[in-house]
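# Structural characterization, general
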Amino acid sequence: MKAFRIILSPILASLLAIIIGGILVSAMGYNPFVVYGSLVSGAFGSVINIGNTITASIPLILCGLGIAIAFQSGLFNIGADGQYWVGSAAAVWVGYHFTTLPGWLHIILCIIVGMVVGALWGGIIPGLTKAFVGSHEVITTMMMSYIGILLARYLIEGGPMQQKGYNPQSPPIAQNTQLPYFSQVLQQSQLSLVAVAITILAAVATWFLLYKTTTGYQLRTVGLSHRAAKYAGIKVKLFIVLALCLSGLFAGLAGSVQMLGVDHRLLDGFSSEYGYTAIVVALLARNNPFGVLLAGLFFGALTTGGQNMQIVSQVPAALTDVLTGLIIFFVACERIIPQIIQWYRRRRSLRSGALTS
């Protein structure tokens, strides 16, 4: 019954958001069925559209997995966007150096370097300051995120990674480092099956780590209660740093896979906000790794379908942001409403007790 409620509540939150979004669209003078129909067809209407949706969902899923680990450990990593971009920059740098390496080895090296840089960016300063000084990780991860994004921007805007010319972009990664597409249709949607396999493996690995290993159990115990974890002999400070490192590691993996599979170079497109949307993905998935897969696909569909929705029905694509906000609201309500009901019942019992006395 509890598992059913866990699955049902985010679905209800999404449905309520869609219904209220439809009412808003109708109030604006548009036909909600046409609007949502264009959104669905834009996301799933053809093989290429489905490929575009999966391509858009991969960085959200990988960042969401890292944020879910942080949430399970009682931490709020709001800086996944910066970790994503420093991981991307590191992967691209390796991607156009070391060109004498075999392709498969070069790909692995790019991914590992991107993951390590993301982990260090997320874990060293935010993790150590949280563990030993008590600074709040929301502030430190956010500050490090801004620094990471601006650092990546500097690297291609007059910095050492800028390609010769006026465009703010890095040199392309080596040809044999680009993830293969295997078919013309997949190439049109920039969907690499290797990236899909990495994403699924990452979800399975996250689930195994959290629920089938001692380390995962200790991370979740720290997330539930620091005092109980200390009483059980768990090194809380160590696991705080580890949780933020793992969270950054997945953001770095997302950046590496995106650079090797889609962009093939570092471009001046630092407004993607994958890290921020991935917070909603993790919340909607209730921090379950397999739920993150589904929630990431849902938000990937909103992204690709929103573009088609704007073209077909002339509704601003910002409506998808409204839907995102409504989903966050209803997911939050799921926890607020029981507390309100509990408060009301407690107040009612106190009042009835006072009357009987």
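What you see is a predicted model, and the numbers here were worked out from it, not measured in a lab.

### A look at the packing of aromatic side chains
Per the counting criterion, the structure on display carries six aromatic pairs. With 5.9 Å between their ring centres and 75° between their planes, Trp93 and Phe98 make a pair best called edge-to-face. Joined through ring pairs, the aromatic side chains of Tyr84, Trp85 and Tyr274 make up one cluster.

### Thoughts on the UniProt feature "transmembrane region" (unreviewed entry) in the protein
Using the residue numbers shown here, the UniProt feature "transmembrane region" (unreviewed entry) corresponds to residues 7–27, 33–51, 58–78, 103–126, 138–156, 191–211, 232–254 and 274–299. Within residues 33–51, the helical portion is 89% and the strand portion 0%, while the C-alpha atoms at the span's ends are 24 Å from each other. Each end of residues 58–78 is marked by a C-alpha atom, and these two atoms are 19 Å apart; helix forms 71% of the span and strand 0%.

### Topic: helix α13 (residues 274–284)
Within α13, eight of the eleven residues are buried, which leaves the element mostly enclosed by the surrounding structure. Burial in α13 covers these residues: Tyr274, Gly275, Ala278, Ile279, Val280, Val281, Ala282 and Leu284. Where α13 terminates, the next one or two residues include Arg286, which has phi positive at roughly 55°.

### What to know about the pattern of salt bridges
Tallied over the entire structure, the rule returns two salt bridges. Of the charged contacts, one joins Lys130 and Glu137 as a salt bridge, the two residues approaching to 3.1 Å between their closest N and O atoms. Its relative accessible area of 3% is what places Glu137 among the buried residues. When the shortest N-O distance is used, the salt bridge between Asp268 and Arg153 registers 3.8 Å. On the criterion of sequence distance, the pair formed by Asp268 in the loop between α12 (236–263) and α13 and Arg153 in helix α7 (residues 137–156) is long-range, its members being 115 residues apart. Arg153 sits in the partly exposed class, given a relative accessible area of 30%.

### Some details on the nonpolar core
Ranked by size, the top nonpolar core spans 84 residues in total, and within it Leu62, Leu65, Met161, Leu253, Val257 and Leu266 carry the most contacts. The biggest single contributor to this core is α12, with 15 residues. When residues no more than four places from it in sequence are discounted, the contact partners of Leu266 are Trp85, Ser88, Ala89, Val92, Ala152, Ile156, Met161, Pro168, Gln169, Ser170 and Met259.

### Side note on the environment of Ile18
Tracing the sequence through the fold places Ile18 in helix α1 (residues 2–27). With a relative accessible area of 31%, Ile18 lands in the partly exposed category. Sequence separation of Ile18 and Tyr36 is 18 residues, and the distance between their C-alpha atoms is 8.9 Å. Beyond its immediate sequence surroundings of up to four residues, Ile18 is in contact with Tyr36 and Leu323.

### A word on the environment of Val35
Relative to the elements of secondary structure, Val35 occurs in helix α2 (residues 32–44). Here Val35 falls in the buried class, since its relative accessible area comes to 1%. Val35 sits 127 residues away from Gln162 along the chain, and the two C-alpha atoms are 42 Å apart. Ignoring sequence-local partners within four residues, the contact set of Val35 consists of Val25, Tyr30, Met309, Ser313, Val315 and Leu319.

### Focus on the packing of α2 against helix α3 (residues 47–72)
Direction vectors running N to C along α2 and α3 enclose 85°, while the axes themselves pass 5 Å from each other. As the angle between them shows, α2 and α3 are arranged roughly perpendicular. Contact with α2, carried on its side by Ser41, Gly42, Ala43 and Phe44, involves Asn49, Ile50 and Thr53 of α3 and no other residues of that element. Looking at side-chain class alone, the contact of α2 with α3 contains three nonpolar, four polar and no charged residues.

### Some thoughts on empty space enclosed by the protein
Scanning the entire structure with this criterion turns up one cavity of 30 Å³ or more. Its boundaries defined by the atoms lining it, the largest cavity holds a volume of some 70 Å³. Around the largest cavity sit Thr55, Ile58, Gln190, Leu191, Ser192, Ala195, Val257, Gln258, Gly261 and Val262, which together line it. When contributions to the lining of the largest cavity are tallied by element, the ones reaching two or more residues are α3 and α12.

### Points about a nonpolar patch on the surface
On the surface, Trp104, Leu105, Ile108, Ile112, Val116, Leu120, Ile124, Ile125, Leu128, Phe132 and Val133 cluster together into a nonpolar patch covering about 1,100 Å² of accessible area. Within the residue set of the nonpolar patch, elements represented by two or more residues are α5 (103–123) and α6 (125–132). Among the elements that make up the nonpolar patch, the one with the highest residue count is α5 (six residues).

What counts as what
The residue count restarts for each chain, going from 1 along the sequence in the order it is written. The predicted nature of this model means local features are confined to residues of pLDDT at least 70 and side-chain atom pairs, given and counted, to a pLDDT of 80 or more, with totals for whole chains, interfaces and linings taken over all residues. The side-chain values count all of the structure's non-hydrogen atoms but skip hydrogen atoms and water molecules. Pairs were defined over the aromatic rings of Phe, Tyr and Trp, the Trp ring being its six-membered one, requiring ring centres within 6.5 Å. Orientation was assigned from the angle between planes: stacked under 30 degrees, edge-to-face over 60, tilted for the rest. UniProt positions are given in the numbering used here, feature names are shortened, and annotations may be inferred rather than shown by experiment. Each helix corresponds to a stretch of at least 4 residues labelled H or I by DSSP, and each strand to a stretch of at least 2 residues labelled E; elements are numbered beginning at the N terminus. Exposure classes here rest on a 1.4 Å probe applied to the protein chains alone. A residue is buried below 20% of its type maximum, exposed above 50%, and partly exposed in between. Between Lys or Arg on one side and Asp or Glu on the other, a salt bridge is scored when a side-chain nitrogen of the former is within 4 Å of a carboxyl oxygen of the latter. The nonpolar core is taken to be a set of buried Ala, Val, Leu, Ile, Met, Phe, Trp, Tyr and Cys residues, with the residues joined through side-chain atoms within 4.5 Å. Residues are treated as being in contact if the distance between any of their heavy atoms lies within 4.5 Å. Here, axes are lines fitted to C-alpha atoms. For helices the fit covers the stretch in contact, and angles between N-to-C directions go from 0 to 180 degrees. An angle counts as roughly parallel when it lies under 35 degrees, as roughly antiparallel when it exceeds 145, as roughly perpendicular when it falls between 65 and 115, and as oblique in every other case. Residues were grouped as follows: Ala, Val, Leu, Ile, Met, Phe, Trp, Tyr, Cys and Pro as nonpolar; Asp, Glu, Lys and Arg as charged; and all remaining residues, including Gly, as polar. A cavity here means a set of 1 Å grid points, computed over protein atoms only, where a 1.4 Å probe fits but cannot escape. A pocket is an open set with protein on both sides within 12 Å along at least 5 of 7 lines, and lining residues have an atom within 4 Å of a point. Grid points are joined across faces, edges and corners, and a volume is the space filled by probe spheres set on the points. Patch members must show over 30% relative accessible area and no salt bridge, and they are joined within 9 Å when carrying like charges or within 5 Å when they are nonpolar side chains of Val, Leu, Ile, Met, Phe, Trp or Tyr. Areas reported as accessible are Shrake-Rupley estimates using a 1.4 Å probe. Residue values count occlusion only from the protein chains shown.

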